[in-house]
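Geometric and topological summary
Here's the letter readout for the chains.
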Amino acid sequence: MEPTGVPARELSDEELERQGTHAHATRNWVFLHGTAEQFAHHTERMLELEKEYLRRHPKRTWQGSAEAGGEVDEATRLRTALRGLVTQIESVLAESDPLPGNGSTAGPGGVAGLPGGSAGVAALLAEVADAPGGRLHRLELHQAARRAGLPRADVAQLYRSEPPLLAADGADRVITDAGREWLATRS
């Protein structure tokens, strides 16, 4: 992966702080919605900015104010960075596992307005039905749809179908009675 942007060592203190703040502000979005490559690049840049900030201002962070009265040693920093890399690698490997497919031909019978690919729809609805209370947080549903191979447009149809198979309840997504009935006919 090619590094982009001005190397952190060449940034002014103001620019280093601005870019570091921006990296942390965008971290959640990249974590939840970015690709593995975007996440890896973001992580690399954020760590570069943090390391440079720590080099310039060692006493301003928890790393520089260790209880022993000194800075955290390089071995501890390396160990922490290595754990982060291992977590990243495991995440990328998990994403590369094959996903169950779903053709997208005609809508499953009995429910108007549904996308094709009843295998993907069934996998998603089964995961929601198996969750406590038949509900998943919307971000968990997004990941379940990804595993089931359903694009966002197809997932959206599950809320708009007649009758709807999924419903929104605040941040949660809930399988409806119609969704349970549809799923039961596929078992």
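Refer to the structure above for everything that follows.
Rules behind the numbers
- Residues numbered from 1 in each chain as written.
- Predicted model: local features only at pLDDT ≥ 70, side-chain atom pairs only at ≥ 80, totals over all residues.
- Heavy atoms only, no water.
- Helix = DSSP H or I, 4+ residues; strand = E, 2+ residues; numbered from the N terminus.
- Buried < 20%, exposed > 50% of the residue type's maximum accessible area, 1.4 Å probe, protein only.
- Contact = heavy atoms within 4.5 Å.
- Areas by Shrake-Rupley, 256 points an atom, 1.4 Å probe, with all protein chains shown as cover.
- Pairing = 2+ DSSP bridges.
- Axes fitted to C-alpha atoms, helices over the stretch in contact; angles between N-to-C directions.
- Parallel < 35°, antiparallel > 145°, perpendicular 65-115°, else oblique.
- Left-handed = near helix turned anticlockwise from the far one by under 90°.
- Nonpolar A, V, L, I, M, F, W, Y, C, P; charged D, E, K, R; others polar.
- Expected span 1.5 Å × (residues − 1).

Moving on: the overall build of the chain. Within the chain, the regular secondary structure consists of seven helices and three strands. Listing the helices and strands of the chain from first to last along the sequence gives α-α-α-α-β-α-α-β-β-α. Residues counted as buried form 33% of the 187 residues belonging to the chain. Long-range pairs, those at least 24 residues apart, make up 57% of the contacts in the chain between residues at least 6 apart in sequence. As presented, the chain carries roughly 11,600 Å² of accessible surface, and 57% of it is formed by carbon and sulfur atoms.

Below, the discussion takes up the sheet that holds strand β2 (residues 166-169). A sheet is described by the order of its strands in space; here three strands give the open sequence β1-β3-β2, paired in antiparallel fashion. Looking at which strands have only one partner, the edges of the open sheet turn out to be β1 (135-137) and β2. The sheet shows a mean angle of 30 degrees between the axes of neighbouring strands, direction not considered. Alignment of β2 against strand β3 (residues 172-175), held across four bridges, turns out to be antiparallel. By the bridge assignment, Asp-169 is partnered in β3 with Asp-172. Along the sheet, helix α4 (residues 118-130) makes contact with β1, β2 and β3, crossing β3 at roughly 105 degrees.

A word on the packing of α4 against helix α7 (residues 177-186). The interhelical angle for the contact between α4 and α7, taken along N-to-C directions, is 125 degrees, at an axis separation of 10 Å. One element, α4, and the other, α7, form an angle in the oblique class. Classified by chirality, the crossing of α7 by α4 is left-handed. Between α4, through Ser-118, Val-121, Ala-122, Leu-125, Ala-126 and Ala-129, and α7, the contact on the second element is made entirely by Gly-179, Arg-180, Trp-182 and Leu-183. Classifying every residue of the contact of α4 with α7 by side-chain character gives seven nonpolar, two polar and one charged.

Moving on to α4. In this model, α4 (13 residues) spans 18 Å end to end at C-alpha, consistent with the 18 Å of a helix rising 1.5 Å per residue. Taken as a whole, α4 has its buried residues at Gly-120, Val-121, Ala-122, Leu-124, Leu-125, Val-128 and Ala-129. Tucked inside the fold, the buried residues of α4 contact β1, α5 (138-148), α6 (152-160), β2, β3 and α7.

Bringing the packing of α4 against α5 into the picture now. The description of two packed helices rests on the angle between their axes and on the distance between the axes. At a closest axis distance of 9 Å, the pairing of α4 and α5 adopts a crossing angle of 145 degrees. In terms of crossing hand, the pair formed by α4 and α5 is right-handed. From α4, Gly-120, Ala-123, Leu-124, Glu-127 and Val-128 reach across to α5, where they touch Leu-141, Ala-144, Ala-145, Arg-147 and Ala-148.

Turning next to the pairing of β3. A regular strand carries its side chains on alternate faces of the sheet. As judged from the three bridges shared by β1 and β3, these two strands associate in the antiparallel manner. Bridging across to β3, His-137 finds its partner in Asp-172.

Structural measurements only, silent on function.
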